[in-house]
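So you can see what is in the structure, the chains are spelled out below.
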Amino acid sequence: MQRRGVSSGGADKMGDPFSRRTLLSPGRAGEVADACQQRGVGVAVFVNPLTDHQRAVLTDMFGCLVLSGEDL
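Residues numbered from 1 in each chain as written. Predicted model: local features only at pLDDT ≥ 70, side-chain atom pairs only at ≥ 80, totals over all residues. Heavy atoms only, no water.

### Notes on the nonpolar core
One broad trend across soluble globular proteins is that nonpolar side chains are buried collectively. Applied cut-off: Within this scheme, the nonpolar core is defined by two criteria: the residues are buried Ala, Val, Leu, Ile, Met, Phe, Trp, Tyr or Cys, and they are joined through side-chain atoms within 4.5 Å. The cut-offs for exposure are 20% and 50% of the maximum accessible area for each residue type, with area from a 1.4 Å probe on protein chains only; residues under the lower value are buried, those over the upper are exposed, and the others partly exposed. By the criteria applied, helices consist of DSSP H or I runs no shorter than four residues and strands consist of E runs no shorter than two, each listed in order from the N terminus. Note on definitions: a residue-residue contact is assigned when non-hydrogen atoms from the two residues lie within 4.5 Å.
Formed by L23, L24, A29, A33, C36, A44, F46, L50, L58, F62, C64 and V66, the largest nonpolar core amounts to 12 residues. For this core, the secondary-structure elements that each account for two or more residues are α2 (26-39), β1 (43-46) and α3 (52-62). Tallying contributions element by element places α2 first for this core, with three residues. Once residues lying within four places of it in the same chain are set aside, the contact partners of L58 are T22, F46, L50, G63 and V66.

This is the structure we're talking about:
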């Protein structure tokens, strides 16, 4: 889960757009990828809609199927 604006540093970045490539910050995407690989996750689900490109990039990074809420 990414909660923007919770920390003092994050609150300053609330106006910044999400990454068009991954919908996450690079650091958070890496953390999620590590967690998916360490735990053998089979599917990662995003509440936000994903483009086909975002889904492909995230699937590559995470090493598992990536879906959005629209897919469910």
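### Quick word on the pairing of strand β2 (residues 65-68)
Operational definition: Should DSSP find at least two bridges between two strands, the strands are taken to pair.
Sheet topology places β1 next to β2; four bridges connect them, and they run parallel. Bridge pairing in β2 links V43 to L65.

### Observations regarding the environment of M61
Relative to the helices and strands, M61 is located in helix α3. Note on M61: relative accessible area 26%, which makes it partly exposed. Here the alpha-carbon distance between M61 and D34, two residues 27 residues apart in the chain, equals 8.9 Å. For M61, the contacting residues outside a window of four places in its chain are T22, A29, G30, A33 and Q37.

### Some words on the side chain of S68
Note on placement: S68 falls in strand β2. With residues near it in sequence (within four places) discarded, S68 still touches V45, F46, N48, P49, L50 and R55.

### Some words on α3
Here is the rule we go by: By definition, the arc is the one covered by directions from the helix axis to the C-beta atoms.
Residues of α3 that are buried include every one of Q54, R55, V57, L58 and F62, and no others. Looking straight down α3, one finds that the buried residues subtend no more than 165° of arc, so they occupy a single side. Exposed residues pointing more than 90 degrees away from the buried face of α3 are listed as D52, H53 and D60. Buried residues in α3 make contact with α2, β1 and β2.

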